[in-house]
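Chain by chain, the residues:
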Amino acid sequence: MTSLSRELVFLILQFLDEEKFKESVHKLEQESGFYFNMKYFEDKAMAGEWDEVERYLSGFTKVDDNRYSMKIFFEIRKQKYLEALDRQDRAKAVDILVNDLRVFSTFNEDLYKEITQLLTLNNFRENEQLSKYGETKSARSIMLLELKKLIEANPSFREKLAFPNLKASRLRTLINQSGLSSLNWQHQLCKNPRPNPDIKTLFTDHACGPPNGTRTPTQATASLAGGLPKTPFPPIGGPHGPFQPVATATNTLASWMSNPTVVTSAQPSVAVGTIPIPSNQVSLLKRPRTPPTSATLVDYQTADSEPLMKRVRPIPQSIEEVTYPGCTQRWSLEDLPRTVAQTLNQGHSVTSMDFHPSQQTLLLVGTGNGEITLWEVSSKEKLASRPFKIWDVNNCSNTLQDPYESSVSSFAVNRVIWSPDGSLIGVAFSKHFIHVYGYQVQADLRQHLEIDAHVGGVNDLAFSHPNKQLCIITCGDDKMIKVWDALTGRKIYNFEGHEAAVYSVCPHHKESIQFIFSTAIDGKIKAWLYDNAGSRVDYDAPGKWCTTMMYSADGTRLFSCGTSKDGESFLVEWMESEGAIKRTYTGFRKKNTGVVQFDTTQNHFLAVGDDHQIKFWDMDNTNILTAVDAEGGLPTLPRLRFNKEGSLLAVNTADNGIKILANADGHRLLRTIENRPFDGSSRLLMDPTAIKVSGGIPIVAASAATSSATDRTEHIERVSPTGAVSGMSGVDPAQNSEKPRAALDDVSEKIKPWKLAEIIDPTQCWCITLPEAASESACKVSRLLYTNNGVGLLALGSNAVHTLWKWSRQELNPSGKATASIPPQRWQPSSGLQMTNDITDTNPEEAVPCIALSKNDSYVMSASGGKVSLFNMMTFKVMTTFMPPPPAPTFLAFHPQDNNIIAIGMEDSSIHIYNVRVDEVKTKLQGHQKRITGLAFSNSQNVLVSSGGDAQLCVWNTETWEKRKSKFIQLPPGKPVSGDTRVQFHSDQLHILVVHETQLVIYDAYKLEQQRQWSPQGTLPAPISYGTYSHNSLLIFASFYDGSIGVFDAETLRLRCRIAPTAYLNPGVNSQGVFPLVIAAHPSEPNQFALGLADGAVKVLEPSEAGGQWGLPAPSENGTLTAIGAGTSTSNHGSEQVPR
């Protein structure tokens, strides 16, 4: 239904209510599903009209929509049942039990049995849990308190609990003015009438905006944080409910984002390229609330009530996370990095910093003299440095042909940022330019793009992925926002509409909507879609001067921080769906002479540099949590930046240095690599050309990795607008003939011969054996995987039984994550249940086991030759079973975007794309000749890669499920086609690792072109039993049939460490035939892995504290990144310099 039609329904509801057509009002509410009248619902519930209560509810949700809905219906039917028992109406109670409550037995059979046993009691209050049950009226009141909380938290009721603010008799007024024609008549009275007015609402009188592109303020938008208007209906949800009445719908951020054709700027954005925009633009959604604790007498266990396994109403909804008892996340000051761990001497004023998205100790720094530097903070090693210089003067605008304008001493870095996968570096300068460098494993910073982007300064830069195309977003003094293709430098969009220099940009996405927030130095905030329809939002930031916006790492909460011209600083959280301020944080000094900088971490903390300190806030508390001065020496307004995990915090110092603060995890992270010996691949020189020494061995760039995408590209760091940063000399150090020679001599003294690391003794690494493993039942460990949160390890034995171990938080393990230094505990629910696969008519020892874990660790899908079982990870209960053999399933993989879609590889060589919710096979893929042995979804590129016992690889399009390409791996001459072939995506989503007993191979994921290959040889001659990437894809762990383990450099497939079986097998135990059948890599610790052995034992291994890593990479020739010509742009706008 269109927006106007929806609003017309509200007008009719108002009219019917004013005319006292009460039954018609509630009938229309229920049938339209637009407005849930809580007062009517409460009245019917208190009157005990249960049929009407459920009928009214059915217009908004069904019992199996989600766990909130299931709990709502359960509480209503439970109350109805208890009232029948209280009246001694046994026949009615049995009818309710059989017809209404039986549906819940599927999810909690024990509770259903307990409710049934109430029939055997003369008075159900004899049950201990119901002993305090009062009379009917008070019991209904208690129930309604619980239902009210559940309804407010239920996403099915989102934006349906508040009636819009309408003028009295609005529909009658429109009718008296000849309906919609009256709006056209109103248009003729506009002060600035536009041709072809776009009338979007019936709730307010029409008025065209002023010609300068700003919207005329209404009473509702004059104060975003002001009081809420009164509504003609009773308040819904109470003053503390999460869904309160809001101002006129057209004035909210949500409504502007849901009406993409609204043009609020007189200067429309100009599309100079094309990025397809999804047609299903929807409003921004509020983040889901956690269901409240039950206040009723018999609590329903909601962990089982997730509708994944239901078949009735296939409404897309993500599976909610289930936490283990005793493993609830607890926050404390110890989680914050507050102690100084390292100090770096930068040498020039630091203007911007950013940590690599996966290499947590790799820090990128920009300075006031235009230089960028790459630091390894654990060793305080400067890996690379680049002073500013124009790469190609011929591509510059005429302004930059002026020697003064192009002088390197006048360029400062305004922003440095990594791309989401860590393969590109973006640099925005104080004049005109952005530079983009390529960064690869064991490669130096390579010139990729130089773009003359803006007239005046480029004030901010960010990476974004609209429609899966990597783009660069810039903003500048010329009041423009521009979008560039990150690969070619081609300009795709110009966004115009700001009336002052644009200060910052914050790209983000909500479901299918990709958008950009921008702020200008006049305090205006605007939002843009990737189209030519102008800005969707126009409102004022607190302070009305320089402001940056930032989302929490999980993308659910929006914050802004800035300072007014008077020096007053603001840190606020926004209700993004209303465009209003949710909370304002306190604790700043009274006046500042610059602009404060901020960052977020762990989805829970905010940090701001203020008054020579770092101040921390809990996101849910407006009062300051704590402050640290980092042992002194900080500037008035420090710049700061967290690493991805929040274990390290970089902050600049007043003496042009950088301090690295750490928490317990951060100190441990730094210790693991701070004592490593000099790596001949590390590059200390600033000359971009590789220098050869000692027989021609090149000094190459430090190892780095492209890694999984992160949503933190929206984080903003700004340069304080207190005046121009004084320029420093930007002379290229390579022009000084003395410095390279001195550096060369220093490096020559440090270079040591490389040697393969060999671990042969248990004292050379950390190793623990997990307790109560499958070895006690003499079965093999067939499959092994870590939980995604890194605190648990799940094994599937050849006897079809699962075993789960969990680590807990303690003094020696404050993070609570898996570690090889502290043993975990085997975890089972209080019921004592085990997760055992269906083995009807099968021999599990001969079956091909398969297992897959949902991304939120709530559910595990598993099979051992029989039907596929879906287990709840908290209760170990079987939620459902499906796909009975034949054929038997042999491999399982969850779709990365939808836990309800599963790819199931079969023994008959087919692949079934199965929808669990509706219990049907969506499509069947045919292309292999033998059973499926591997499946891997790309997290971002809409492809599925499969492998089979036929040694064939196939690439499938996950939108059409058509086969795009296939190829057979190259087996050794004379080798028959046998054995499993497994596949796994590199974190860059561009390469795949293929593991076969004869080889490790790296392929291009789309062309299926072989790029690297390694076969058993030398110190590792036995066939390969398993292989996997480390979590950051820097390493490959491989096990062999002789019990050896190899650790390879993932980029080159060069062996860097061999672990002998004597290092991890228990001495004195007969190790004949004992070897790892499977390896699992920890999801966040790059050097930790677990082994599942043929004797049923499970081991966890980590390098010793002394080394910190599994050997060193073998020296290799430096790679190159082909430079791509930069595009250029010009503008006729006058330059308005952002104050610095």
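This text goes with the structure placed above it.
Only a predicted model underlies this, so the values are computations on that prediction, with no experimental measurement involved. (Residues numbered from 1 in each chain as written. Predicted model: local features only at pLDDT ≥ 70, side-chain atom pairs only at ≥ 80, totals over all residues. Heavy atoms only, no water.)

A. Quick peek at the side chain of Thr 61. Checked against the element boundaries, Thr 61 lands in the loop between α4 (50-57) and α5 (67-86). Take Thr 61: its relative accessible area is 0%, and that puts it in the buried class. Among the polar contacts listed, one links the side chain of Thr 61 to the side chain of Asp 65, at a separation of 3.0 Å. (Helix = DSSP H or I, 4+ residues; strand = E, 2+ residues; numbered from the N terminus. Buried < 20%, exposed > 50% of the residue type's maximum accessible area, 1.4 Å probe, protein only. Polar contact = N/O pair within 3.5 Å; in protein donor to acceptor, adjacent residues only side chain to side chain.)

B. Quick peek at the packing of aromatic side chains. What the rule picks out here adds up to 31 aromatic pairs. On the numbers, 5.5 Å between centres and 70° between planes, the contact of Trp 827 with Phe 876 is edge-to-face. Linking Trp 827 in the loop between β37 (825-826) and β38 (850-853) with Phe 876 in the loop between β40 (868-872) and β41 (878-882), this pair joins segments that are 49 residues apart in sequence. On the basis of relative accessibility, which here comes to 12%, the residue Trp 827 falls in the buried class. Both rings, one in Tyr 1041 and one in Phe 1075, keep their centres 4.9 Å apart while their planes meet at 45°; by these two values the pair is tilted. Placement of Tyr 1041 in the loop between β55 (1035-1040) and β56 (1045-1049) and of Phe 1075 in the loop between β57 (1055-1059) and β58 (1076-1081) is noted, with a sequence separation of 34 residues between them. Aromatic ring contacts, followed pair by pair, group Phe 36, Tyr 40, Phe 41, Tyr 56, Phe 60 and Phe 157 into a single cluster. The positively charged end of Arg 6 is found above the aromatic ring belonging to Phe 34, 5.0 Å away from the centroid. Over the aromatic face of Tyr 68 sits the side chain of Arg 67, whose NZ or CZ is 5.9 Å from the ring centroid. (Phe/Tyr/Trp six-rings, centres within 6.5 Å; stacked < 30°, edge-to-face > 60°. Lys NZ or Arg CZ within 6 Å of the ring centre and 35° of its normal.)

C. View of the packing of helix α3 (residues 38-46) against helix α8 (residues 136-153). At a minimum axis separation of 10 Å, α3 and α8 run at an interaxial angle of 150°. Between α3 and α8, the angle falls in the class roughly antiparallel. The handedness of the crossing between α3 and α8 comes out as right-handed. Residue-level contacts link Met 38, Phe 41, Glu 42, Ala 45 and Met 46 of α3 to Lys 137, Arg 140, Ser 141, Met 143, Leu 144, Leu 147, Lys 148 and Ile 151 of α8. Split by residue class, the contact of α3 with α8 holds eight nonpolar, one polar and four charged. (Axes fitted to C-alpha atoms, helices over the stretch in contact; angles between N-to-C directions. Parallel < 35°, antiparallel > 145°, perpendicular 65-115°, else oblique. Left-handed = near helix turned anticlockwise from the far one by under 90°. Contact = heavy atoms within 4.5 Å. Nonpolar A, V, L, I, M, F, W, Y, C, P; charged D, E, K, R; others polar.)

D. Summary view of the environment of Phe 570. Within the secondary structure, Phe 570 sits in strand β21 (residues 569-575). Once the C-alpha coordinates of Phe 570 and Pro 542 are considered, the two residues, 28 residues apart in sequence, prove to be 6.5 Å apart. Excluding anything up to four places from it in sequence, Phe 570 contacts Pro 542, Gly 543, Ser 560, Cys 561, Gly 562, Ser 564 and Phe 588.

E. Representation of the pairing of strand β60 (residues 1098-1103) within the structure. For β60, the tally of buried residues reaches six of six residues, placing the bulk of the element in the interior. Where strand β33 (residues 765-769) lies against β60, five bridges are found, and the strand directions are antiparallel. Bridge assignment links Trp 766 to a residue of β60, and that residue is Glu 1102. Sheet analysis places strand β59 (residues 1089-1093) next to β60, joined by four bridges and oriented antiparallel. Across the sheet, the residue bridging to Leu 1091 is Lys 1099, located in β60. Two successive antiparallel strands, β59 and β60, enclose a turn made up of four residues, where Gly 1096 displays a positive phi of approximately 95°. (Pairing = 2+ DSSP bridges.)

F. How the structure looks around helix α2 (residues 22-32). Residues of α2 that are buried: Val 25, His 26, Glu 29 and Gln 30. Along the axis of α2, the buried residues cluster in a sector spanning 125°; they form a single face. Set apart from the buried face of α2 by more than 90 degrees, the exposed residues are Glu 23 and Glu 31. (Arc of directions from axis to C-beta.)

G. View of helix α6 (residues 90-101). For α6, the set of buried residues is Ala 93, Ile 96, Leu 97, Asp 100 and Leu 101. Viewed along the axis of α6, the buried residues span an arc of 115°, placing them on a single side of the element. Opposite the buried face of α6, at more than 90 degrees from it, the exposed residues are Ala 91 and Asn 99. Residues of α6 that are buried make contact with α5 and α7 (109-117).

H. Representation of the pattern of salt bridges within the structure. Inspection of every chain in the model, using the stated rule, returns 31 salt bridges. Residues joined by salt bridges that share partners form a network here, namely Lys 71, Glu 75, Lys 78 and Glu 146. (Salt bridge = Lys/Arg side-chain N within 4 Å of Asp/Glu carboxyl O.)

I. Fine view of the sheet that holds strand β52 (residues 999-1004). Strand order in the open sheet made by the four strands is β50-β51-β52-β53, with antiparallel pairing throughout. The strands lining the two open edges of the sheet, one partner per strand, are β50 (982-985) and β53 (1010-1014). Neighbouring strand axes in the sheet, compared pairwise and without regard to direction, differ in orientation by 20° on average. Relative to β52, strand β51 (residues 991-996) runs antiparallel, the two being bridged by six bridges. Residue His 991 lies in a different strand from β52, and its bridge partner there is Asp 1004.

J. Summary view of the packing of α4 against α5. Between α4 and α5, whose axes approach to 11 Å, the crossing angle comes to 175°. Considered as vectors, α4 and α5 are oriented roughly antiparallel to each other. Contacts from Trp 50, Val 53, Glu 54 and Leu 57 of α4 reach α5 at Ile 72, Phe 73, Ile 76, Arg 77, Gln 79, Lys 80 and Glu 83. Grouping the constituent residues of the contact of α4 with α5 by class yields six nonpolar, one polar and four charged.

K. Structural view of the pairing of strand β44 (residues 911-915). β44 sits mainly inside the fold: five of its five residues count as buried. Here β44 shows no split at all, with Ile 911, Ile 913 and Asn 915 on one side and His 912 and Tyr 914 on the other all buried. The pairing of strand β43 (residues 898-906) with β44 spans five bridges and is antiparallel. From the neighbouring strand, Ile 904 faces β44, where its bridge partner is His 912. Here β43 hands over to β44 after four residues, with Ser 909 in that stretch at a positive phi of 80°.

L. Quick look at the nonpolar core. Counting 43 residues, the largest nonpolar core has Phe 36, Phe 41, Tyr 81 and Leu 101 as its most contacted members. Broken down by secondary-structure element, the contributors of at least two residues to this core are α3, α4, α5, α6, α7 and α8. The greatest single-element share of this core, amounting to ten residues, is contributed by α5. Not counting residues up to four positions away in its chain, the partners in contact with Leu 101 are Phe 74, Arg 77, Lys 78, Tyr 81, Ile 96, Tyr 112 and Ile 115. With 37 residues, the next largest nonpolar core counts Val 781, Ala 820, Ile 1045 and Ala 1097 among its residues. (Core = buried A, V, L, I, M, F, W, Y, C linked by side-chain atoms within 4.5 Å.)

M. Local environment of the sheet that holds strand β9 (residues 433-438). In space, the four strands of this open sheet follow the order β7-β8-β9-β10, with antiparallel pairing throughout. Edge positions in the sheet fall to β7 (413-418) and β10 (446-452), since each of these pairs with one other strand and no more. Each neighbouring strand pair of the sheet contributes to a mean axis angle of 15°, computed without reference to strand direction.

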